[in-house]
Amino acid sequence: MSEEDEIILSELDDEELVQQMFDDLYDGLKEEIEEGVNILLERGWAPYEVLTKALVGGMTIVGADFRDGILFVPEVLLAANAMKGGMAILKPLLAETGAPRVGKMVIGTVKGDIHDIGKNLVGMMMEGAGFEVVDLGINNSVEKYLEALEREGPDILGMSALLTTTMPYMKVVIDTLVEQGKRDNYIVLVGGAPLNEEFGKAIGADAYCRDAAVAVETAKHFVSRKHNSMNA
Ligand code: B1M
């Protein structure tokens, strides 16, 4: 692109900017995504709107073309990296709500799975809603989950899986908790694109969460129920 053709992000209106950010995310342009996020924030967009409309919206397009074999792993990694750049700007803003501490969650992506964008988003939103979040990262074995639960004593265990081949591992973790007589000590919430409510029930989770906003609402609901039953 020649110098004259260069797009000045700040000169685009909101709709054009979001469209341009979809293209920039698709092309893995991290700096442009960070600039776009900052511009939308300066224009008064709420951090959550920027996250869902510009970043998650862009990643949905990447996901569809990855599925259809138009994009491949290296390109998707670049897109993920650009998305993370934007999320890093939003993270402190989402956590800054001043909400009182409502509970604690340990969250991680299951063994064999390295997808972490959705999990990170859930963690950010949970922090924003006043939860303390301990993030175990990716590729977590049952031992790692159990160690963290012992160490942290959270209200909630959150597990994420993005692959049909890794989602059954959630059941391994829950079954181990049952075997050790610890299942009832925790609210178990699960999520990830290939899961659904039926799967959540079948593996013995307390709930399946379709997205980060649902995860927050579900977590609040279960924690207040737990506190009420303890006070009864
Ligand atoms: Co992967 N990948 N990937 N990938 N990747 C998918 C998941 C896939 C659906 C793409 C496709 O074919 N359409 C497909 C899975 C197919 C299947 O299993 N049925 C796939 C594949 C096949 C693979 C590889 C096997 C590819 C290969 O190597 N041939 C490989 C596997 C690596 C591994 O894990 N072992 C692989 C690798 C990768 C990258 C490394 C390139 C990259 C990940 C980078 C990273 O995460 N750091 C990547 C990406 C980016 C994707 C897609 C395009 C996007 C995922 C994402 O970040 N979405 C994805 C396509 C898709 O999902 N449509 C795909 C955005 C994110 C905000 O949404 O993660 O769904 P999501 O999270 C949501 C909800 O699901 C929910 O809330 C979140 C926010 O609203 N949620 C939770 C998620 N976790 C939760 C936990 C909770 C609650 C809610 O706990 C309480």
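Residues numbered from 1 in each chain as written. Predicted model: local features only at pLDDT ≥ 70, side-chain atom pairs only at ≥ 80, totals over all residues. Heavy atoms only, no water.

An unreviewed UniProt entry annotates the protein as 5-methyltetrahydrofolate--homocysteine methyltransferase of Seohaeicola zhoushanensis. Within the UniProt record for the protein, the comment given under Sequence similarities (unreviewed entry) is "Belongs to the methylamine corrinoid protein family." (UniProt positions renumbered as here; feature names shortened; annotations may be inferred.)

## A closer look at the sheet that holds strand β1 (residues 103–109)
Spatially, β2-β1-β3-β4-β5 is the arrangement adopted by the 5 strands of the open sheet, whose pairing is parallel. With one partner strand each, in any of the chains shown, β2 (131–135) and β5 (207–209) form the two edges of the open sheet. Within this sheet the neighbouring strands show an average axis-to-axis angle of 25°, counted without direction. Here 3 bridges tie strand β4 (residues 187–191) to β5, and the two strands are oriented parallel to one another. Counterpart to Gly-191 in the pairing with β5 is Cys-209. Running over the sheet, helix α6 (residues 142–152) touches β1, β2 and β3 (156–160) and is turned about 165° from β1. Sheet contacts for helix α7 (residues 169–179): β3 and β4; angle to β3, the most-contacted strand, approximately 155°. (Pairing = 2+ DSSP bridges. Helix = DSSP H or I, 4+ residues; strand = E, 2+ residues; numbered from the N terminus. Axes fitted to C-alpha atoms, helices over the stretch in contact; angles between N-to-C directions. Contact = heavy atoms within 4.5 Å.)

## Looking at the site of the ligand
Neighbouring the ligand are 34 residues, the closest being Arg-67, Ile-114, His-115, Asp-116 and Ser-160. Separating an oxygen atom of the ligand from a backbone N or O atom of Ile-114 is a distance of 2.7 Å. A distance of 2.8 Å separates a nitrogen atom of the ligand from a polar atom in the side chain of Asp-116. At the level of elements, α3 (47–67), α4 (73–94), β1, α5 (117–128), β3 and β4 are the ones that each hand at least two residues to the shell around the ligand. Considering each element in turn, the shell around the ligand owes the most residues, 5 residues, to α4. Along the lines of polarity and charge, the residues of the shell around the ligand split into 19 nonpolar, 9 polar and 6 charged. Formed jointly, the shell around the ligand draws a minimum of three residues from each of two domains, domain 1 (8–97) and domain 2 (104–231). (Near = heavy atom within 4 Å. Polar contact = N/O pair within 3.5 Å; in protein donor to acceptor, adjacent residues only side chain to side chain. Nonpolar A, V, L, I, M, F, W, Y, C, P; charged D, E, K, R; others polar. Domains from an automatic or database assignment.)

## Let's talk about the packing of helix α2 (residues 30–42) against α3
The contact between α2 and α3 brings their axes to 10 Å, and the two run at 135°. Considering their axes alone, α2 and α3 lie oblique with respect to each other. As for the relative orientation of α2 and α3, their crossing is right-handed in sense. Residues Ile-33, Val-37, Leu-40 and Leu-41 of α2 lie in contact with α3, whose contacting residues are Pro-47, Val-50, Ala-54 and Leu-55. (Parallel < 35°, antiparallel > 145°, perpendicular 65-115°, else oblique. Left-handed = near helix turned anticlockwise from the far one by under 90°.)

## Brief notes about the pattern of salt bridges
Close approach of charged atoms lets side chains of opposite charge pair. Using the criterion set out here, one finds 14 salt bridges in the structure. A salt bridge links Arg-151 to Glu-152, with the nearest nitrogen and oxygen atoms 3.1 Å apart. Between Arg-210 and Asp-211 there is a salt bridge, with the nearest N and O atoms lying 4.0 Å from each other. Here Arg-210 falls in the exposed class, since its relative accessible area comes to 62%. Looking at Asp-211, the relative accessible area reads 33%, which means it is partly exposed. Within the structure, one salt-bridge network assembled from shared partners comprises Lys-104, Glu-132, Arg-151 and Glu-152. (Salt bridge = Lys/Arg side-chain N within 4 Å of Asp/Glu carboxyl O. Buried < 20%, exposed > 50% of the residue type's maximum accessible area, 1.4 Å probe, protein only.)

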